[in-house]
Amino acid sequence: MSPSEPTRPTAAHPVGHHVPLRVLAATLAALLVLTFITVAVTWFSWSDFGRAGNIWIALVIATLKAALVALYFMHLRYDRPFNAVVLISALLFVMLFCALTLMDARAYQPDIQAYRDVDPAHYAPDLQRP
Amino acid sequence: MSTSRPADSSAGAPAPHLQHHFTSPAQQFESVVLGMWLFLATEILLFGGLFCAYAVYRANHPEIFEYAHVYLSKSLGAVNTAILLVSSFTMASAVWAAQQSRARLLRIMLALTIACGLGFLGIKYVEYKHKWHEGLLWGKLYRPQHEAAPFSAHHAFEHGQTPPAAPTSAPGDTDVSWVFTPGDTGPRGLLAPGDTTPLVSPEPKVHNVQLFFGVYFALTGLHAVHVLAGLVLLGWTLWRAALGHFSAAYFTPVAMVGLYWHVVDLIWIYLFPLLYLIH
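Being a predicted model, the structure only gives us computed values, none of them experimental.

We now examine the overall build of chain B. When you go through chain B residue by residue, the secondary structure sums to seven helices and zero strands. Start at the N end of chain B and walk to the C end: the helices and strands fall as α-α-α-α-α-α-α. Considering only intrachain contacts with a sequence separation of at least 6, the fraction spanning at least 24 residues in chain B is 76%. On chain B, roughly 12000 Å² of surface is accessible, and the fraction owed to carbon and sulfur atoms is 66%.

Here it is, written out as structure tokens:
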């Protein structure tokens, strides 16, 4: 913090960053185009990428859109980097949370299957189609 | 005023909104923004729990998601996405207008943002209402009206048999109590013995579809609550803007409500493809 920093915002020391309207409008246009693309990719099959191949394309496009919103609408590109550190750590912790949970999400499937196999007519009536 | 603060001839008297524990409006604003980002991080973690539930259910039961997502309208979801994106743009423009001390533009942009938020909730209402009427709900409330209910209650009804008593519990994996009503005969309780008429949906049925709608309503419901809260905050901001509280010297509430509104948009950006665009 400069000792000469004024107590009122001035042109040299504005409060916050001013993102001009044309940048905001360009961001909106990019977001709408990406939304169209993410809908358009569902018109084609992406099974080469696995059963849920579309989900990876959708997530990449969604992340691009989220980055645009954060960088320009939320001024993150012009902010102090620490705000980005806060956001990215939150995202990392969500990913860690999901990844660790998914690691043993199927842990009880054998038990469930064994339970259903004991008396399928009673415990798994959905598998007993006529 | 602290004596350690240097007198700056260009600065004049301290800004009226500057709290004494901050050195300058810029420092005060940056501190508020950091605090807001910390709050937004907790919001992302809050939704993270539900995204995790989505990931686990989808990993374990991909067929449910592939089956059930067709009951969501892709076009309504896309329109709502566009509405939220436009509202994010008007919100960012409102912040810019406040920074430029353009009071009228600020009010217009805030009003447009509120209109978009209301439009979003209106479309969400149409979607929820449709699902409510179709019985496409969570847990035990899942009673689809559009096809044969599990165990073909609908089928039995069509063939002139006694309509089943209203299910007291939903068709779950192990809960078949409502099928076996006293006095019924036949293996399924509702079908006569030896009736091998194909069911209305002869293809292998997907079970536990209520899982998808549970995840759908939890995620979009929590998001809708956030939109609602955002609308209240935007209304408050618009009211203060109308009173002329905001200018280049002080626009912190506009910027903070803006950050919140953008996070609501950010979450929808992920919800839309994850729920509506399953392929």
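Moving on from the model shown.
Following both chains from N to C, one finds helix H1 (residues 21-40) of chain A and helix H3 (residues 74-99) of chain B inclined at 170 degrees, their axes separated by 10 Å at the closest point. Put simply, H1(A) runs roughly antiparallel to H3(B). Contact residues: A:Leu21, A:Leu24, A:Ala25, A:Leu28, A:Leu31, A:Leu32, A:Thr35 and A:Val39 in H1(A); B:Ala78, B:Thr81, B:Ala82, B:Leu85, B:Val86, B:Phe89, B:Ala92, B:Ser93 and B:Trp96 in H3(B). Looking at side-chain class alone, the contact of H1(A) with H3(B) contains 14 nonpolar, three polar and no charged residues.

Our focus in this paragraph is the confidence of the model for chain A. When pLDDT is averaged along chain A, the result is 83; 77% of the residues meet or exceed 70. When pLDDT is averaged over each helix and strand of chain A, the minimum, 69, is found for helix H5 (residues 120-123) of chain A and the maximum, 96, for H1(A).

Now for the environment of B:Pro273. Within the secondary structure layout, B:Pro273 lies in helix H7 (residues 252-276). Judged by its relative accessible area of 5%, B:Pro273 falls in the buried class. The spatial distance from the C-alpha of B:Pro273 to the C-alpha of B:Thr81 is 9.9 Å, given a sequence separation of 192 residues. In contact with B:Pro273, not counting residues within four places along its chain, are A:Thr38, A:Ala58, A:Ala62 and B:Ile278.

Take the pattern of salt bridges next. Here the structure, examined in full by the defined rule, presents two salt bridges over all chains. Its salt-bridge partner being B:Glu30, residue A:Arg80 comes within 3.0 Å of it at the nearest N-O pair. Taken as a pair, A:Arg80 in the loop between helix H2 (53-73) and helix H3 (81-103) and B:Glu30 in helix H1 (residues 25-60) lie in two separate chains rather than in one. With relative accessibility at 31%, the residue B:Glu30 sits in the partly exposed group. Where B:Lys124 meets B:Glu127, a salt bridge forms, and the shortest distance between an N and an O atom there is 3.1 Å. Of the two residues, B:Lys124 and B:Glu127 are both situated in helix H4 (residues 103-134); the distance of three residues between them amounts to about one turn of the helix.

Glancing now at the nonpolar core. One finds B:Trp37, B:Leu106, B:Phe212, B:Phe213 and B:Leu275 to be the most contacted residues of the largest nonpolar core, which totals 105 residues. For this core, the element with the most residues is H7(B), which contributes 18 residues.

With respect to the helices, strands and loops of the structure, B:His69 is situated in the loop between helix H2 (62-68) and H3. B:His69 has contacts with B:Phe212, B:Leu275, B:Tyr276 and B:Ile278, leaving out every residue within four places of it along the chain.

What follows concerns the side chain of B:Arg240. Residue and element names in this part refer to chain B. Following the sequence through the fold, Arg240 ends up in helix H6 (residues 210-242). Look at Arg240: it is buried, it has no salt bridge, and the nearest opposite charge is Glu43 at 19 Å. Of note is the side chain of Arg240, whose polar atom sits 2.8 Å from the side chain of His245. Every residue in contact with Arg240, bar those within four places of it in the chain, is listed here: His245, Phe246, Tyr250 and Pro253.

All names here are of chain A. Residues Val33, Phe36, Ile37, Trp43 and Phe44 make up a contiguous nonpolar surface patch of roughly 560 Å² in combined accessible area. Along the chain, the position of Phe36 falls in helix H1. Look at Phe36 and you get exposed, because its relative accessible area is 54%.

Rules behind the numbers
- Every chain is numbered on its own, with residues counted from 1 as its sequence reads.
- Whichever chain is written first becomes A and whichever ligand is written first becomes 1, with later ones labelled in order.
- Since the coordinates come from a predicted model, pLDDT governs what is reported: local features require at least 70, and pairs of side-chain atoms require 80 or more to be given and counted, while whole-chain, interface and lining totals use all residues.
- No hydrogens and no water enter the side-chain calculation; it runs on all heavy atoms of the structure.
- Helix and strand assignments follow DSSP, with helices taken as H or I runs no shorter than four residues and strands as E runs no shorter than two, numbered in order from the N terminus.
- Any two residues having at least one pair of non-hydrogen atoms within 4.5 Å are treated as being in contact.
- Only the protein chains shown count as cover for residues, and all accessible areas are computed by the Shrake-Rupley method using a 1.4 Å probe.
- Under this scheme, a helix contributes an axis fitted over its contacting stretch, all axes are lines through C-alpha atoms, and angles between N-to-C directions fall in the 0 to 180 degree range.
- Geometric relationships in this document are graded by angle, where less than 35 degrees denotes roughly parallel, more than 145 denotes roughly antiparallel, 65 to 115 denotes roughly perpendicular, and other angles denote oblique.
- When residues are sorted by character, Ala, Val, Leu, Ile, Met, Phe, Trp, Tyr, Cys and Pro go into the nonpolar class, Asp, Glu, Lys and Arg into the charged class, and all the rest, Gly among them, into the polar class.
- The predictor reports its confidence for every residue as pLDDT, a score running from 0 up to 100.
- A simple rule labels every residue: compare its accessible area, found with a 1.4 Å probe on the protein chains alone, to the largest value its type can have, and call it buried under 20%, exposed over 50%, or partly exposed in between.
- In what follows, salt bridge is the name for a side-chain nitrogen of Lys or Arg lying within 4 Å of a carboxyl oxygen of Asp or Glu.
- Here, nonpolar core refers to any group of buried Ala, Val, Leu, Ile, Met, Phe, Trp, Tyr and Cys residues whose side-chain atoms link them within 4.5 Å.
- Positive charges come from Lys and Arg alone, negative charges from Asp and Glu alone, with His and the N- and C-terminal ends not counted.
- Pairing of N or O atoms within 3.5 Å defines a polar contact, subject to two protein rules: one partner must be a possible hydrogen donor and the other a possible acceptor, and residues neighboring in sequence count only if both atoms are side-chain atoms.
- Candidate patch residues must exceed 30% relative accessible area and have no salt bridge, after which like charges are joined if within 9 Å and Val, Leu, Ile, Met, Phe, Trp or Tyr side chains if within 5 Å.

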